[in-house]
Structures are given as C-alpha cells and as structure tokens.
Amino acid sequence: MVRLNEIRAGEVAVEPPSPTDAGLVFIGRIRTPWTDRLACPRQGRADGPACRIEVFAPWREALDGVALYARLEVLYWLDRSRRDLVRQSPASDGTARGTFSLRSPVRPNPIGTSIVTLIRVEDGIVHVRGLDCLDGTPLLDIKPDRTLFTPLAPPQAGDAETGGGEIADA
Ligand code: SAM
C-alpha cells in the first residue's frame, strides 16, 4: 500500500539525527512518467515505460563506456520519503516489520536501486526501462549490472576466490 507519510497501526518512528552528516552529490535527475506515488510501480519492470536519466554537465564524461552494458544498476535518492520509521506496516494491516527487512522507500537513508535495461545513451541522457521512481528523483550513481561486469584491473591480494572467514564476536 502506497505511503503518503502517515503512521500506521503497529509502526514505530524514532527521532533521527540531523540528516546533514554525509555529503552526497546529486549527479543528475531522473525523468519518469510518474508524478504521483499512487501511480508509481513498487518495483521497476524490464518492459516498463522508457525513462530518461539526465546526467548533469560535470559528470557527463563519466558516461563513456556505459553503452557497453545491456543492464545497469541505478542508485537514486527517494527524496520525498519520510526517514524515521524503524518498524513499518506495508499492508497497513497492523502487522509491522523492521525497515531493514523491507524495500520500502521509507528508510534512514532513502537510497533506491533498480536494475534497468539500456535503450541508448545520447547527449548526457541515459534512456532506460525498469525504473520505479517519481519524476524528478535525484540521481546518485550509475554502475554496470554486477552480473555483466568483469573487473578490469589485474587481481590483487585479498581477491582470493575462497572468500574470507567470519569476523569473530568481540
Ligand atoms: N526499486 C527501489 C528499491 O528497491 O530500492 C525502490 C523501491 S520503492 C518500494 C518504490 C516506491 O517508492 C514507489 O512505488 C513510490 O511509492 C516510492 N517513490 C518513488 N520515488 C520516490 C521519491 N522520489 N520519493 C519518495 N518516494 C518515492
């Protein structure tokens, strides 16, 4: 059920610290057909509408090579979310779960991620399908989908294929 900033039965809010302690830079703006949360999909779909990721001028050179990838991971800032709930009731039925067990836009740092399919890159604009954010949502980052990406640097110590051990409790 789409949230319009209300507190629902079973939900718990906390007093969050000032949200100014980390310096993110918005590197662009995402253009989608959705201006209303009620109409916005919960998760993007590969056959969803074409959307535009407009990258701001100083960052456009960073798009070089992006067109090599059929799928990209896009990170964005869900700027119209509340940020103070630690328990949420997605179905608004009185049952609540912890925020970190949900993909709700309501979280202390409202970062959204989507795997999108690339249509084309043109004049600083990445045309994609698969987004689920409101028109005007600030852009945080674009990366190749990790399942398509092969590290370009030579292997180094710590890249061991066996993986690391568990960190012991203090
Ligand atoms: N795919 C992302 C993820 O899993 O991290 C976001 C999922 S979140 C459930 C998507 C919902 O967030 C949309 O249906 C809409 O209700 C809400 N939303 C989209 N853009 C938003 C924005 N800019 N600010 C606040 N809420 C937004």
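The structure reproduced in this document is the subject of the present report. Within every chain, residues take consecutive numbers counted from 1 along the sequence as written. Local features in this predicted model are restricted to residues of pLDDT 70 or higher, and side-chain atom pairs are both shown and tallied only at a pLDDT of 80 or more, whereas totals for entire chains, interfaces and linings draw on every residue. To obtain the side-chain values, all non-hydrogen atoms of the structure were included, while hydrogens and water were left out.

## Looking at the environment of Leu-75
Heads up, the rule is: The secondary structure listing takes helices from DSSP runs of H or I that are at least 4 residues long and strands from runs of E that are at least 2 residues long, numbered from the N terminus. With a 1.4 Å probe rolled over the protein chains alone, any residue whose accessible area is under 20% of its type maximum counts as buried; one over 50% counts as exposed, and the rest are partly exposed. Any pair of residues with heavy atoms lying within 4.5 Å of one another is described as a contacting pair.
Inspection of the secondary structure assignment puts Leu-75 in strand S4 (residues 71–77). The buried category is assigned to Leu-75, whose relative accessible area is 16%. For the pair formed by Leu-75 and Ala-153, sequence separation is 78 residues and the distance between their alpha carbons is 24 Å. Residues in contact with Leu-75, not counting those within four places in the same chain, are Ile-111, Gly-112, Thr-113, Leu-139, Leu-140, Asp-141 and Lys-143.

## Topic: the layout of surface pockets
Filter applied, for reference: Lining residues are defined by having an atom within 4 Å of a point belonging to a cavity or pocket. Those points lie on a 1 Å grid over the protein atoms alone, cavities being sets where a 1.4 Å probe fits but cannot get out and pockets being open sets with protein on both sides within 12 Å along at least five of seven lines. Grid points are joined across faces, edges and corners, and a volume is the space filled by probe spheres set on the points. Ten residues, namely Ala, Val, Leu, Ile, Met, Phe, Trp, Tyr, Cys and Pro, are considered nonpolar, four, namely Asp, Glu, Lys and Arg, are considered charged, and the remaining ones, Gly among them, are considered polar.
In this structure, the largest pocket spans a volume of roughly 490 Å³. Leu-78, Arg-103, Ser-104, Pro-105 and Asp-132 are the residues nearest the centre of the largest pocket, which is lined by 24 residues in total. Here the lining of the largest pocket is composed, by residue class, of 10 nonpolar, six polar and eight charged.

## Side note on the site of the ligand
Put simply, the rule reads: For this purpose, a residue is taken to be near a molecule or strand whenever a single non-hydrogen atom of the residue falls within 4 Å of it. Polar contacts here mean pairs of N or O atoms no more than 3.5 Å apart (in protein, one a potential hydrogen donor and the other a potential acceptor; neighbouring residues in sequence count only if both atoms are side-chain atoms). Method for areas: the Shrake-Rupley scheme with a 1.4 Å probe, in which residue coverage is limited to the protein chains shown. Being in a pocket or cavity means that more than half of the molecule's atoms lie within 2 Å of its grid points.
Near the ligand there are 19 residues, and of these Pro-41, Gln-43, Asp-79, Arg-103 and Asp-132 occur at the shortest range. Within the side chain of Asp-132, a nitrogen or oxygen atom sits 2.5 Å from a nitrogen atom of the ligand. Here a nitrogen atom of the ligand and a side-chain polar atom of Thr-137 are 2.9 Å apart. Against a free-state accessible area of 600 Å², the protein chains account for coverage of 98% of the ligand. One can see that the ligand is located within the largest pocket. Sorting elements by how many residues they give to the shell around the ligand places strand S7 (residues 111–122) first, with three residues. Counted by class, the shell around the ligand contains seven nonpolar, six polar and six charged residues.

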